[in-house]
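# Close look at the chain arrangement
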Amino acid sequence: MTPTDVAAEVTSNEALSPDYNVVSLAAPTIAAAAAPGQFVMVKAGCGHDPLLRRPFSVFEVLRDARGAATGISLLNKRIGTSTAWLHAAQPGQRVACLGPLGRPFTTVDPPAEAWMVAGGVGLAPFATLTDALVARGVRATLFYGARRASELFYLDFFRRRGVELVLSTEDGTAGERGRIVEPLDRALASRGSAAVMLYACGPEGMLAATAKIAERHGRLCQVSVERIMGCGLGGCYSCVVPMRDDGGDVHHVRSCLTGPVLAADRILWP
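Reading the values: rules and limits
- Residues numbered from 1 in each chain as written.
- Predicted model: local features only at pLDDT ≥ 70, side-chain atom pairs only at ≥ 80, totals over all residues.
- Heavy atoms only, no water.
- Core = buried A, V, L, I, M, F, W, Y, C linked by side-chain atoms within 4.5 Å.
- Buried < 20%, exposed > 50% of the residue type's maximum accessible area, 1.4 Å probe, protein only.
- Contact = heavy atoms within 4.5 Å.
- Helix = DSSP H or I, 4+ residues; strand = E, 2+ residues; numbered from the N terminus.
- Phe/Tyr/Trp six-rings, centres within 6.5 Å; stacked < 30°, edge-to-face > 60°.
- Pairing = 2+ DSSP bridges.
- Axes fitted to C-alpha atoms, helices over the stretch in contact; angles between N-to-C directions.
- 1 Å grid on protein atoms, 1.4 Å probe; cavity = no way out; pocket = protein on both sides within 12 Å on 5 of 7 lines; lining within 4 Å.
- Points joined across faces, edges and corners; volume = space filled by probe spheres on them.
- Nonpolar A, V, L, I, M, F, W, Y, C, P; charged D, E, K, R; others polar.

Within the largest apolar cluster, 35 residues are counted, with the highest numbers of intra-cluster contacts made by Met116, Phe126, Leu142, Tyr144, Phe158 and Tyr199. The residues contacting Tyr144, other than those within four sequence positions of it, are Ala118, Gly120, Leu123, Glu151, Leu152, Phe153, Leu155, Val166, Leu167, Ser168 and Ile180. Ile180, Ala200, Ala208 and Ile213 belong to the second-largest nonpolar core, a separate cluster that totals 29 residues.

Below, the discussion takes up the environment of Cys201. Relative to the elements of secondary structure, Cys201 occurs in strand β12 (residues 196-201). Note: C-alpha distance between Cys201 and Leu133 (68 residues apart in sequence) is 17 Å. Not counting chain neighbours up to four residues away, the residues in contact with Cys201 comprise Val117, Ala118, Gly119, Gly122, Pro125, Phe126, Met206, Leu207, Ser224 and Glu226.

Evaluation of the coordinates by the stated rule reveals seven aromatic pairs. Judged by centre distance (5.9 Å) and plane angle (20°), the rings of Phe105 and Phe126 are stacked. Remark: Phe126 occurs in helix α3 (residues 126-136) and Phe105 occurs in the loop between β7 (94-101) and β8 (113-119); sequence separation between them is 21 residues. Each member of the pair Phe105 and Phe126 is classed as buried. Linked through ring pairs, Phe59, Tyr154, Phe157 and Phe158 together constitute an aromatic cluster.

The next subject is the sheet that holds β7. Spatially, the seven strands line up as an open sheet ordered β4-β3-β7-β1-β2-β6-β5, and their pairing is antiparallel. The open sheet has two edge strands with one neighbour each: β4 (54-57) and β5 (60-63). The average angle at which neighbouring strand axes cross in this sheet is 40°, direction not considered.

For the rest of this paragraph, the subject is unusual backbone geometry. Trans peptide bonds make up the majority, and among non-glycine residues the majority have a negative phi. Here Pro110 and Pro111 are connected by a cis peptide whose omega angle stands at 10°. Omega for the peptide link from Gly259 to Pro260 comes to 10°, which places this bond in the cis form. Note on placement: Pro260 falls in the loop between β15 (250-254) and β16 (261-263). Of note, the phi angle at Tyr237 is positive, near 60°, even though the residue is not glycine. Take Tyr237: it is sitting in the loop between β13 (221-224) and β14 (240-244).

Another aspect to go through is the layout of surface pockets. Estimated volume of the largest pocket: approximately 1,000 Å³. Among the elements of the structure, β4, β6 (69-77), β9 (140-146), β10 (164-169) and α6 (204-216) are those that each provide at least two residues to the lining of the largest pocket. Partitioning the lining of the largest pocket into residue classes produces 19 nonpolar, 13 polar and nine charged. Of the voids in this model, the second largest pocket is the one considered here, and its volume is about 270 Å³. Breaking the lining of the second largest pocket down by element, the ones donating at least two residues are β5, α3 and α4 (155-160). With four residues, the single largest contributor to the lining of the second largest pocket is β5. In terms of residue class, the lining of the second largest pocket is built from nine nonpolar, one polar and five charged.

All right, on to the pairing of strand β1 (residues 4-15) then. Judged from the six bridges that link them, β1 and β7 form a sheet pairing that is antiparallel. Across the sheet, residue Glu9 finds its bridge partner in β7, namely Arg94. Here β1 pairs with strand β2 (residues 20-26) via six bridges, running antiparallel. What sits directly across from Ser12, in β2, is Ser24. Joining the antiparallel neighbours β1 and β2 is a turn of four residues.

Another aspect to go through is the side chain of Thr210. One can find Thr210 in helix α6. If near-sequence neighbours (up to four positions away) are discounted, Thr210 is found in contact with Val117, Val181, Leu184, Ala200 and Cys221.

On to the sheet that holds β13. Spatially, β11-β10-β9-β8-β12-β13-β16 is the arrangement adopted by the seven strands of the open sheet, whose pairing is mixed. Each edge of the open sheet carries a strand with a single partner, namely β11 (176-177) and β16. In the sheet, β8 pairs with β12 via six bridges, with the strands oriented parallel. Directly across from Ala118, in β12, lies its bridge partner Cys201. Together, β8, β9 and β12 form the strand contacts of α3, whose direction differs from that of β8 by roughly 170°.

Spelled out as structure tokens, the structure:
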């Protein structure tokens, strides 16, 4: 489907912490077409600063009482000019929003289980994926890691949908102390031959570790890569990822077109 470019009105801005928030946008056309794992290119503010749009995963598809798609939300962390503007956005302001873009996740069906692995703002694509899995009756588990307990968000959202939560924090203030890939490795080792599909999004080091764990346990894994994107439409080549094709040859793909969801076992990880 051809992406839509809209001047989306900010309908709400929910603060999650001093640096994290969720911004809701009125964008029914984009919302109705969005699939789990897709993203939008957003230009917040006016003028030339920032000059380029910034990619954001579609966090939630918002719906009215009848179930009709009315907009989307974005999980935002304040780290630069664009994200600072979104952090301070007020209802009624407008945001240039282009989407949906990119290749989405491939959802499984029962009896296969879905295990989602999120690090930090890598949580973003898993709200829509969870809703798609629940609609299919798929049992889902979220392995979610962050630096500290105060940076673990939307836990009740996943609990209400019956998702099992496995948490870890670097400082040990919630869940297991350490990296989230460690309990993931143990859990896969204990499952034997049960059908489990892995989905991961977060820092590249976490994605690489998840890919290696998936390969070691013989599991399929899709990762949503986080790359700098200048255009989101394949024109600037700022988001290339090295991958192997079926014959083992190395080629480079533009993650805004071929991804952001890619097969973990085809990526050449650092």
